[in-house]
Amino acid sequence: MAEHSARHCCLGWDFSTQQVKVVAVDAELNVFYEDSVHFDRDLPEFRTQGGVHVHEDGLTVTSPVLMWVQALDIILEKMKASGFDFSQVLALSGAGQQHGSVYWKAGANQVLMSLTPDLLLREQLQACFSISDSPVWMDSSTTAQCRQLEATVGGAQALSSLTGSRAYERFTGNQIAKIYQKNPEAYSRTESVSKISVSCFLPSLGSGMNLLQIQDKVWSQACLGACAPGLEEKLGQPVPSCSVVGAISSYFVQRYGFPAGCKVVAFTGDNPASLAGMRLEEGDIAVSLGTSDTLFLWLQEPMPALEGHIFCNPVDPQHYMALLCFKNGSLMREKIRDESASRSWSEFSKALRSTELGNGGNLGFYFDVMEITPEIIGRHRFNAENHEVSAFPWDVEIRALIEGQFMAKKIHAEGLGYRVMPKTKILATGGASHNKDILQVLADVFGAPVYVIDTANSACVGSAYRAFHGLAAGTNMPFSEVVKLAPNPRLAATPTPGAFQVYEALLQRYAVLEQRVLTQTRRPSE
Ligand SMILES: Nc1ncnc2c1ncn2[C@@H]1O[C@H](COP(=O)(O)OP(=O)(O)O)[C@@H](O)[C@H]1O
Ligand SMILES: O=C(CO)[C@@H](O)[C@H](O)COP(=O)(O)O
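Parameters at a glance
Residues numbered from 1 in each chain as written. Chains lettered and ligands numbered in written order. Predicted model: local features only at pLDDT ≥ 70, side-chain atom pairs only at ≥ 80, totals over all residues. Heavy atoms only, no water. Helix = DSSP H or I, 4+ residues; strand = E, 2+ residues; numbered from the N terminus. Rg over C-alpha atoms; globule rule 2.2 N^0.38 Å. Buried < 20%, exposed > 50% of the residue type's maximum accessible area, 1.4 Å probe, protein only. Areas by Shrake-Rupley, 256 points an atom, 1.4 Å probe, with all protein chains shown as cover. 1 Å grid on protein atoms, 1.4 Å probe; cavity = no way out; pocket = protein on both sides within 12 Å on 5 of 7 lines; lining within 4 Å. Points joined across faces, edges and corners; volume = space filled by probe spheres on them. Pairing = 2+ DSSP bridges. Axes fitted to C-alpha atoms, helices over the stretch in contact; angles between N-to-C directions. Parallel < 35°, antiparallel > 145°, perpendicular 65-115°, else oblique. Contact = heavy atoms within 4.5 Å. Nonpolar A, V, L, I, M, F, W, Y, C, P; charged D, E, K, R; others polar. Phe/Tyr/Trp six-rings, centres within 6.5 Å; stacked < 30°, edge-to-face > 60°. Core = buried A, V, L, I, M, F, W, Y, C linked by side-chain atoms within 4.5 Å. Domains from an automatic or database assignment. Buried area = accessible area lost by both parts, 1.4 Å probe. Salt bridge = Lys/Arg side-chain N within 4 Å of Asp/Glu carboxyl O. Polar contact = N/O pair within 3.5 Å; in protein donor to acceptor, adjacent residues only side chain to side chain. Near = heavy atom within 4 Å. Sits in = over half its atoms within 2 Å of the grid points.

1. Concerning the overall build of the protein
- On a plain count of helices and strands, the protein comes out with 19 helices and 24 strands.
- Against the 2.2 N^0.38 benchmark of 24 Å for 526 residues, the protein shows a C-alpha radius of gyration of 22 Å, consistent with a compact globule.
- Seen through its principal axes, the protein has C-alpha atoms that stretch 70 × 55 × 45 Å.
- Taking all 526 residues of the protein together, 59% fall into the buried category.
- Counting every atom, the protein has about 20300 Å² of accessible surface; 52% of that belongs to carbon and sulfur.

As structure tokens, this is what we get:
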């Protein structure tokens, strides 16, 4: 990669579902280096699909922890080979797919403190993990633990008021409880637990675990006790997001040439990091179209409910963020692309351009895996008369998928109290935000303009911005001041005239049909 020597910078990392990515951002906030390692493609020996292993029960979903370690080795070696000047890195921070967890074995800390720079991390960390397959955010195997946790604290709403969410299967506390119950030896061998940010650099712990009291920012003793004994010592204490948690390990100094004083700023989840990367402001709405689809908002006051999540705000400790997560995001779009558009995004886009807004009244629900919001599984298609049909023509199928995905987002965001205002901007990010035709449908369904930033890797960029913010810690400089030079988002799509009228009626139908599908597919015991 050209032009990346002798330039003071911060690095931003993202350990997401399908890849590890890094960016370097200079003091003028220009991104001048970007790289990634894709798990399925670059590390085929781990045999992941979409970065994960789905187990036979269809509910358990894990990723091999050594795959992340190896990916970090590969990306650092690629940077070194390209001539990247590590000596200019002032600070780094990072993010990871949320909720997943890494289990360090007793003695691992000692190994981490005595790493030899002659060997790769994977050669030295192989025996450091008490659990080799880390549970990730796609896992939904902890329903029993969820119900136990809610019962302990006085119900789902009580848990949500305390931690920002009712119990969700993928949340780390419930995952730890399952490991403790099913594999107590492994739990007792565990020295520390870190949330994914694969902690060769440093872990991230906090919101999205069903363990942190979001108002006071301390662990809930009731939740810790309900999940597993001795958990507080294994987690350590939470710290404010912009804290400098230490200097980089001498391993990275000696092997790659980082300066010894390079600061490490606390890591966070990929969605909070994206909020920072897109410089979200109050009133804006962010839509991340990564492996998962997520929608998030900046909040001054938390309003924890039974749907959606409230997390701590990664750039302002007084404020919060609201988040909705949809599991059937990019991987579902890829399936329909492969089935209906000859595996080609350009054919897929052609279908979006050649079909009319509102799809002639045809509506679809496409949930090949159990959705989070709402809990529906299966594909359900309805014609303009609300009759369920078994198939659509290929181009109608594609529009039904994309319109359905965005209508669900709008309806559930409104359920959280969000309203599109005249000045609302939608900030889109993630892999599918490269697709202008998908963004056009987003603008039409929401009735608001869609903006993008220069890179779809907003979690990486946000991590680098947070590293700059960490450098300024102690001066009380607000995050907005730190990033004021960053390039403004670019307009990518504006609503088509007449779209509002088309979707006003369709959104109502979608909400009614969603309830119908939910009732029909609900298990008898529920
Ligand atoms: N042109 C495109 N149109 C639609 N989706 C795309 C396009 N290019 C990439 N994607 C989607 O982006 C996804 C990856 O997004 P990304 O944000 O990198 O994921 P993650 O951060 O979760 O690893 C892929 O699974 C792919 O489906
Ligand atoms: O579970 C959630 C949010 O609650 C997911 O959004 C994960 O954080 C995965 O992120 P991506 O890899 O899809 O960006």
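2. A look at the layout of surface pockets
- Volume-wise, the largest pocket comes out at about 1400 Å³.
- What lines the largest pocket is a set of 50 residues, and nearest its centre among them are Ser 140, Lys 327, Val 369, Met 370 and Glu 371.
- Elements supplying a minimum of two residues to the lining of the largest pocket: α5 (143–153), α13 (330–340) and α19 (499–521).
- Top element by residues in the lining of the largest pocket is α13. It accounts for six residues.

3. Some details on the sheet that holds strand β17 (residues 309–312)
- Read from one edge of the open sheet, seven strands run β17-β18-β16-β15-β22-β23-β24, paired in mixed fashion. Sheet topology places β17 and β24 (490–493) at the edges, where each strand pairs with a single neighbour. Across the sheet, the mean angle from the axis of one strand to that of its neighbour is 35 degrees, orientation sign disregarded.
- Sheet topology places strand β22 (residues 426–429) next to strand β23 (residues 450–452); three bridges connect them, and they run parallel. Its bridge partner being in β23, Leu 427 is matched across the sheet by Tyr 451.

4. Let's talk about the packing of helix α14 (residues 345–354) against helix α15 (residues 394–415)
- Where α14 contacts α15, the two axes come as close as 8 Å, and the packing angle between them is 85 degrees. Viewed along their axes, α14 and α15 adopt a mutual orientation that is roughly perpendicular. When α14 is examined against α15, the residues Glu 347, Phe 348, Ala 351, Leu 352 and Ser 354 are found in contact with a partner set consisting of Trp 394, Asp 395, Ile 398, Arg 399, Leu 401 and Ile 402.
- Partitioning the contact of α14 with α15 into residue classes produces seven nonpolar, one polar and three charged.

5. So, the packing of aromatic side chains
- This structure, assessed with the given rule, holds 15 aromatic pairs.
- Ring centres 5.3 Å apart and planes at 70 degrees place the aromatic pair Tyr 180 and Tyr 187 in the edge-to-face group.
- Judged by its relative accessible area of 32%, Tyr 180 is partly exposed.
- Measuring from ring centre to ring centre gives 6.5 Å for Phe 365 and Phe 367, while their planes differ by 55 degrees; the resulting arrangement is tilted. Comparing Phe 365 with Phe 367 shows no difference in burial state: the two are buried.
- Following the ring pairs from residue to residue traces out a cluster consisting of Phe 32, Tyr 33, Phe 84, Phe 86, Tyr 251, Phe 252, Tyr 256 and Phe 258.

6. A short note on empty space enclosed by the protein
- Counted under the stated rule, the structure contains two cavities of 30 Å³ or more.
- Here the largest cavity defines a volume of roughly 90 Å³.
- In terms of lining, the largest cavity is formed by 14 residues, of which the most central are Asn 328, Phe 367, Gly 404, Gln 405 and Ala 408.
- Elements represented by at least two residues in the lining of the largest cavity include exactly β19 (363–367) and α15.
- For the lining of the largest cavity, the element with the highest residue contribution is α15, accounting for five residues.
- Of the volumes computed, that of the second largest cavity is approximately 30 Å³.
- In terms of lining, the second largest cavity is formed by Gln 145, Gln 148, Leu 149, Asn 174, Ala 177, Ala 226 and Cys 227.
- Of all the elements in the fold, those that place two or more residues in the lining of the second largest cavity are α5, α7 (172–182) and α9 (221–227).

7. Looking at the side chain of Gln 98
- By the element assignment, Gln 98 lies in the loop between β6 (89–96) and β7 (101–105).
- Discounting residues that sit within four places of it in the chain, Gln 98 has contacts with Trp 137, Gly 269, Asp 270, Asn 271, Pro 272, Phe 311 and Leu 323.

8. A closer look at the nonpolar core
- By size, the foremost hydrophobic cluster in this structure holds 84 residues, and its most contacted members are Leu 211, Leu 235, Leu 439 and Leu 442.
- It is α15 that contributes the most residues to this core, ten residues altogether.
- Here this core gathers at least three residues from each of two domains, domain 1 (9–266) and domain 2 (280–455 + 496–525).
- With residues near it in sequence (within four places) discarded, Leu 211 still touches Thr 163, Gly 173, Val 218, Trp 219, Ser 220, Cys 223, Leu 224, Cys 227, Leu 231 and Leu 235.
- Ranked by size, the runner-up nonpolar core spans 81 residues in total, among them Phe 46, Val 102, Leu 121 and Ile 453.

9. Focus: the domain arrangement of the protein
- Taken domain by domain, the protein holds domain 1 (9–266) and domain 2 (280–455 + 496–525).
- Contact residues are listed per partner, giving 27 residues for domain 1 and 23 residues for domain 2.
- In total, domain 1 and domain 2 occlude about 2100 Å² of area from one another, counting both sides; carbon and sulfur atoms represent 55% of this.
- Joining domain 1 to domain 2, the criterion identifies one salt bridge.
- Between Arg 166 and Glu 375 there is a salt bridge, with the nearest N and O atoms lying 3.5 Å from each other.
- Taken together, the connections running from domain 1 to domain 2 amount to 15 residue pairs in polar contact (both at pLDDT 80 or more).
- The element that contributes the greatest number of residues to the side of domain 1 that touches domain 2 is helix α6 (residues 156–163), accounting for five residues.

10. Here's the deal with the site of ligand 1
- Around ligand 1 there are 15 residues in total, and Ser 16, Lys 21, Thr 291, Glu 334 and Gly 431 lie nearest to it.
- Between ligand 1 and Gln 19 there is a distance of 2.9 Å, counted from an oxygen atom to a side-chain nitrogen or oxygen.
- In this structure, a nitrogen atom belonging to ligand 1 sits 3.2 Å away from a side-chain N or O atom of Asn 435.
- Among the cavities detected, the one that contains ligand 1 is the second largest pocket.
- Only β2 (19–26) and α13 provide two or more residues apiece to the shell around ligand 1.
- A breakdown of the residues in the shell around ligand 1 according to their chemical character gives three nonpolar, ten polar and two charged.
- Both domains that furnish three or more residues to the shell around ligand 1 are identified here as domain 1 (9–266) and domain 2 (280–455 + 496–525).

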